[in-house]
Amino acid sequence: MEDDSEPKSNPSSSRSDEAESKTNTHLQALRKISRARTRMIVCMLTLPVYMFVVWELLADQRNIGSIMLIYMAIWTVFAIDMASRRCPACGNQFFVKVVMLNLLSRRCRHCDLELGGIEASQEDSNDL
Ligand SMILES: [Zn+2]
(Lines give C-alpha, C1' and ligand atoms only; values in the text may rest on other atoms or scores of the structure.)
Protein backbone atom coordinates (compact mmCIF):
# COMPACT_ATOMS: atom_id res chain seq x y z
CA MET A 1 0.00 0.00 0.00
CA GLU A 2 1.23 3.41 -0.89
CA ASP A 3 0.35 6.17 1.53
CA ASP A 4 2.72 8.83 0.38
CA SER A 5 -0.05 10.43 -1.65
CA GLU A 6 -1.28 12.66 1.13
CA PRO A 7 -3.44 15.52 -0.07
CA LYS A 8 -1.45 18.70 -0.32
CA SER A 9 -3.27 21.93 0.30
CA ASN A 10 -2.96 24.48 -2.42
CA PRO A 11 -0.48 27.06 -1.11
CA SER A 12 -1.48 29.84 -3.47
CA SER A 13 -5.16 29.75 -2.55
CA SER A 14 -4.49 29.68 1.21
CA ARG A 15 -2.18 32.65 0.82
CA SER A 16 -4.84 34.72 -0.93
CA ASP A 17 -7.36 33.67 1.72
CA GLU A 18 -5.01 34.98 4.35
CA ALA A 19 -4.62 38.29 2.57
CA GLU A 20 -8.37 38.54 2.15
CA SER A 21 -9.13 37.86 5.80
CA LYS A 22 -6.51 40.42 6.74
CA THR A 23 -8.27 43.01 4.59
CA ASN A 24 -11.59 41.99 6.13
CA THR A 25 -10.38 42.44 9.70
CA HIS A 26 -8.89 45.74 8.58
CA LEU A 27 -12.27 46.85 7.23
CA GLN A 28 -14.10 45.55 10.29
CA ALA A 29 -11.77 47.47 12.57
CA LEU A 30 -12.27 50.63 10.53
CA ARG A 31 -16.02 50.12 10.62
CA LYS A 32 -15.96 49.75 14.42
CA ILE A 33 -13.83 52.88 14.72
CA SER A 34 -16.24 54.73 12.47
CA ARG A 35 -19.22 53.55 14.49
CA ALA A 36 -17.63 54.58 17.78
CA ARG A 37 -17.03 58.02 16.27
CA THR A 38 -20.63 58.28 15.05
CA ARG A 39 -21.96 57.24 18.48
CA MET A 40 -19.90 59.94 20.16
CA ILE A 41 -21.09 62.58 17.70
CA VAL A 42 -24.72 61.51 18.19
CA CYS A 43 -24.12 61.72 21.93
CA MET A 44 -22.87 65.30 21.50
CA LEU A 45 -25.94 66.13 19.45
CA THR A 46 -28.16 65.04 22.33
CA LEU A 47 -26.57 67.65 24.57
CA PRO A 48 -29.19 70.35 23.77
CA VAL A 49 -31.96 67.82 24.50
CA TYR A 50 -30.32 66.93 27.79
CA MET A 51 -29.98 70.60 28.70
CA PHE A 52 -33.62 71.21 27.83
CA VAL A 53 -34.74 68.25 29.99
CA VAL A 54 -32.58 69.41 32.90
CA TRP A 55 -33.93 72.94 32.50
CA GLU A 56 -37.52 71.67 32.57
CA LEU A 57 -36.87 69.48 35.60
CA LEU A 58 -35.20 72.34 37.44
CA ALA A 59 -38.13 74.61 36.64
CA ASP A 60 -40.33 71.87 38.04
CA GLN A 61 -38.25 71.77 41.26
CA ARG A 62 -37.30 68.13 40.62
CA ASN A 63 -34.15 66.27 41.41
CA ILE A 64 -31.81 66.07 38.42
CA GLY A 65 -29.04 64.15 40.15
CA SER A 66 -29.81 60.75 38.65
CA ILE A 67 -30.30 62.09 35.12
CA MET A 68 -26.98 63.89 35.31
CA LEU A 69 -25.27 60.73 36.52
CA ILE A 70 -26.77 58.58 33.78
CA TYR A 71 -25.89 61.10 31.11
CA MET A 72 -22.32 61.46 32.34
CA ALA A 73 -22.00 57.67 32.47
CA ILE A 74 -23.13 57.33 28.84
CA TRP A 75 -20.67 60.01 27.79
CA THR A 76 -17.86 58.34 29.70
CA VAL A 77 -18.58 54.93 28.20
CA PHE A 78 -18.68 56.28 24.65
CA ALA A 79 -15.59 58.43 25.14
CA ILE A 80 -13.58 55.55 26.60
CA ASP A 81 -14.84 53.24 23.86
CA MET A 82 -13.80 55.72 21.22
CA ALA A 83 -10.45 56.55 22.79
CA SER A 84 -9.55 52.89 23.11
CA ARG A 85 -10.07 52.14 19.40
CA ARG A 86 -6.84 51.13 17.79
CA CYS A 87 -5.74 51.71 14.25
CA PRO A 88 -5.57 48.44 12.29
CA ALA A 89 -2.57 49.71 10.37
CA CYS A 90 -0.23 50.99 13.07
CA GLY A 91 -1.82 49.67 16.29
CA ASN A 92 -1.89 53.08 17.99
CA GLN A 93 -4.97 54.78 19.39
CA PHE A 94 -6.86 56.00 16.35
CA PHE A 95 -8.24 59.26 17.72
CA VAL A 96 -5.79 60.01 20.48
CA LYS A 97 -2.39 61.54 19.83
CA VAL A 98 -1.25 62.58 23.27
CA VAL A 99 -4.15 63.38 25.57
CA MET A 100 -6.68 65.05 23.34
CA LEU A 101 -9.41 63.02 21.73
CA ASN A 102 -9.88 64.34 18.23
CA LEU A 103 -13.54 63.68 17.56
CA LEU A 104 -13.90 65.00 14.09
CA SER A 105 -10.82 63.48 12.64
CA ARG A 106 -11.43 60.84 10.02
CA ARG A 107 -7.77 59.89 9.99
CA CYS A 108 -5.56 57.96 12.31
CA ARG A 109 -3.68 60.40 14.52
CA HIS A 110 -0.51 58.41 14.00
CA CYS A 111 -0.30 57.01 10.49
CA ASP A 112 -3.01 59.07 8.73
CA LEU A 113 -5.00 55.99 7.75
CA GLU A 114 -8.38 57.26 6.59
CA LEU A 115 -11.80 55.91 7.51
CA GLY A 116 -12.61 56.35 3.83
CA GLY A 117 -16.03 55.31 2.56
CA ILE A 118 -16.69 53.18 5.63
CA GLU A 119 -19.58 55.28 6.90
CA ALA A 120 -21.42 55.08 3.60
CA SER A 121 -21.49 51.29 3.78
CA GLN A 122 -22.54 51.14 7.41
CA GLU A 123 -26.16 50.40 6.61
CA ASP A 124 -25.60 46.97 5.10
CA SER A 125 -23.22 45.77 7.80
CA ASN A 126 -24.69 43.03 9.94
CA ASP A 127 -23.52 43.78 13.43
CA LEU A 128 -23.58 41.00 16.01
ZN1 LIG B 1 -2.60 54.31 12.31
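Analysis parameters
Residues numbered from 1 in each chain as written. Predicted model: local features only at pLDDT ≥ 70, side-chain atom pairs only at ≥ 80, totals over all residues. Helix = DSSP H or I, 4+ residues; strand = E, 2+ residues; numbered from the N terminus. Buried ≥ 20, exposed ≤ 12 C-beta atoms within 10 Å, placed from the backbone. Contact = placed C-beta atoms within 7 Å. Core = buried A, V, L, I, M, F, W, Y, C linked by C-beta atoms within 7 Å. pLDDT = per-residue confidence, 0-100.

### Things to note about the overall build of the chain
- Of regular secondary structure, the chain possesses 3 helices and 0 strands.
- For the chain, the α and β elements follow one another from N to C terminus as α-α-α.
- Across the 128 residues of the chain, 12% fall into the buried class.
- Contacts spanning at least 24 positions in sequence make up 45% of the contacts within the chain whose residues lie at least 6 apart.

### Digging into the nonpolar core
- Membership of the largest hydrophobic core is limited to 10 residues, which are L30, I33, A36, M40, M82, C87, F94, F95, C108 and L113.
- Sequence-distant contacts of L113, defined by excluding residues within four places in its chain, comprise C87, A89, R107 and C108.

### Things to note about the confidence of the model for the chain
- With 77% of its residues at a pLDDT of at least 70, the chain reaches an overall mean of 80.
- When mean pLDDT is compared element by element in the chain, helix α2 (residues 47-59) scores highest at 92, while helix α1 (residues 11-45) scores lowest at 84.
- In the model, residues 120-128 has pLDDT below 50 throughout and makes 4 contacts with residues more than four positions away in sequence or in other chains.

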